[in-house]
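So the chains spell out like this:
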Amino acid sequence: MYARPEVQQLLKPLVVSWGYESELPSGSKFIDYNEWWGTRDMAAFLSVPAAIRFQQENGWDDVRELCHQLASYAQKRIGELTNLAPLHPLNGNWFCQMTSIPLPSNTDVLLLKTRLYDEHRIEVQVHEWNGGKLIRVSVQGYNTKRDIDTLIGALASYCVHPPLT
């Protein structure tokens, strides 16, 4: 890994093994922290065959397609609710199971995220990015159309009538 010297202090390794008290310090904390990882945990690598088998045995291509259809549905319905244009076309391969959808500019994203969870037990990413307000909907194999409709209903009460500010 390479990083310019002026940004090296911004990068933190997931694991620092011998680097905190290096026997032979290099003069660079960046190198000392990142050069020696210690014992590597192979569990994630060893689980890959079982994960592939699980997906094959459970028709995961079909599950992934259903998730994409639900994400598309969410994007379309939220766009209709807010009357805002999507960030990308609704058709094609612009996204799979996760999509970011614009929210009205007067949305208080922190308040919306809090109320969605506290009042409806909906956990969803709501944030500001590049001057806009967005909701990121991520659909997994356990989600249903009912879940998306619950989100749409909750958003309808906050994003449109009245605006959440």
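The structure presented is a predicted model; accordingly, all values stated were derived computationally and were not measured.

**A short note on the overall build of the protein chain**
(1) Moving on: Scanning the protein chain from N- to C-terminus turns up 6 helices and 3 strands.
(2) Moving on: Its helices and strands taken in sequence order, the protein chain reads α-α-α-α-β-α-β-β-α from the N to the C terminus.
(3) Moving on: Its C-alpha atoms give the protein chain a radius of gyration of 22 Å, clearly above 15 Å, the size a compact globule of 165 residues would have.
(4) Moving on: Within the span of the protein chain, comprising 165 residues, buried residues form 28% of the whole.
(5) Moving on: In the protein chain, the share of contacts with a sequence separation of at least 24, taken over all contacts with a separation of at least 6, comes to 57%.
(6) Moving on: With an accessible surface of roughly 11,700 Å², the protein chain has 57% of that area assigned to carbon and sulfur atoms.
(7) Moving on: Here the protein chain carries 15 positive and 18 negative side-chain charges, and the mean point of each set is 6 Å from the other.

**Some points on the confidence of the model for the protein chain**
(1) Moving on: Averaged over all residues, the pLDDT of the protein chain is 88; the fraction at 70 or higher stands at 92%.
(2) Moving on: The least confident element of the protein chain, judged by mean pLDDT, is helix α1 (residues 29-35) at 81; the most confident is helix α3 (residues 48-57) at 96.
(3) Moving on: Across residues 161-165, where pLDDT falls below 50, the model places 14 contacts with residues more than four positions away in sequence or in other chains.

**Focus on the packing of aromatic side chains**
(1) Moving on: Evaluated as defined, the whole model comprises 1 aromatic pair.
(2) Moving on: Judged by centre distance (5.6 Å) and plane angle (55°), the ring pair of F54 and W60 falls under tilted.
(3) Moving on: Taking relative accessible area as the criterion, W60 reaches 23% and is therefore assigned partly exposed.

**A closer look at the nonpolar core**
Nonpolar side chains tend toward joint burial in soluble globular proteins.
(1) Moving on: Judged by nonpolar contacts, the single largest core of 24 residues is most densely connected at I78, L116, V126, I135, V137 and L151.
(2) Moving on: Broken down by secondary-structure element, the contributors of at least two residues to this core are α4 (60-82), β1 (98-103), α5 (109-120), β3 (132-138) and α6 (145-160).
(3) Moving on: Not counting chain neighbours up to four residues away, the residues in contact with V126 comprise L103, V109, L112, K113, L116, L134 and I135.

**Here we look at unusual backbone geometry**
(1) Moving on: Of note in this structure, N83 is not a glycine but carries a positive phi near 60°.
(2) Moving on: Judged by relative accessible area, which is 69%, N83 ranks as exposed.
(3) Moving on: Phi angles above zero are rare outside glycine, and R121 is one such case at about 60°.
(4) Moving on: Structurally, the position occupied by R121 is in the loop between α5 and β2 (125-129).

Scoring rules and cut-offs
- Residues numbered from 1 in each chain as written.
- Predicted model: local features only at pLDDT ≥ 70, side-chain atom pairs only at ≥ 80, totals over all residues.
- Heavy atoms only, no water.
- Helix = DSSP H or I, 4+ residues; strand = E, 2+ residues; numbered from the N terminus.
- Rg over C-alpha atoms; globule rule 2.2 N^0.38 Å.
- Buried < 20%, exposed > 50% of the residue type's maximum accessible area, 1.4 Å probe, protein only.
- Contact = heavy atoms within 4.5 Å.
- Areas by Shrake-Rupley, 256 points an atom, 1.4 Å probe, with all protein chains shown as cover.
- Lys, Arg positive; Asp, Glu negative; His and termini not counted.
- Charge placed at Lys NZ, Arg CZ, Asp CG, Glu CD.
- pLDDT = per-residue confidence, 0-100.
- Phe/Tyr/Trp six-rings, centres within 6.5 Å; stacked < 30°, edge-to-face > 60°.
- Core = buried A, V, L, I, M, F, W, Y, C linked by side-chain atoms within 4.5 Å.

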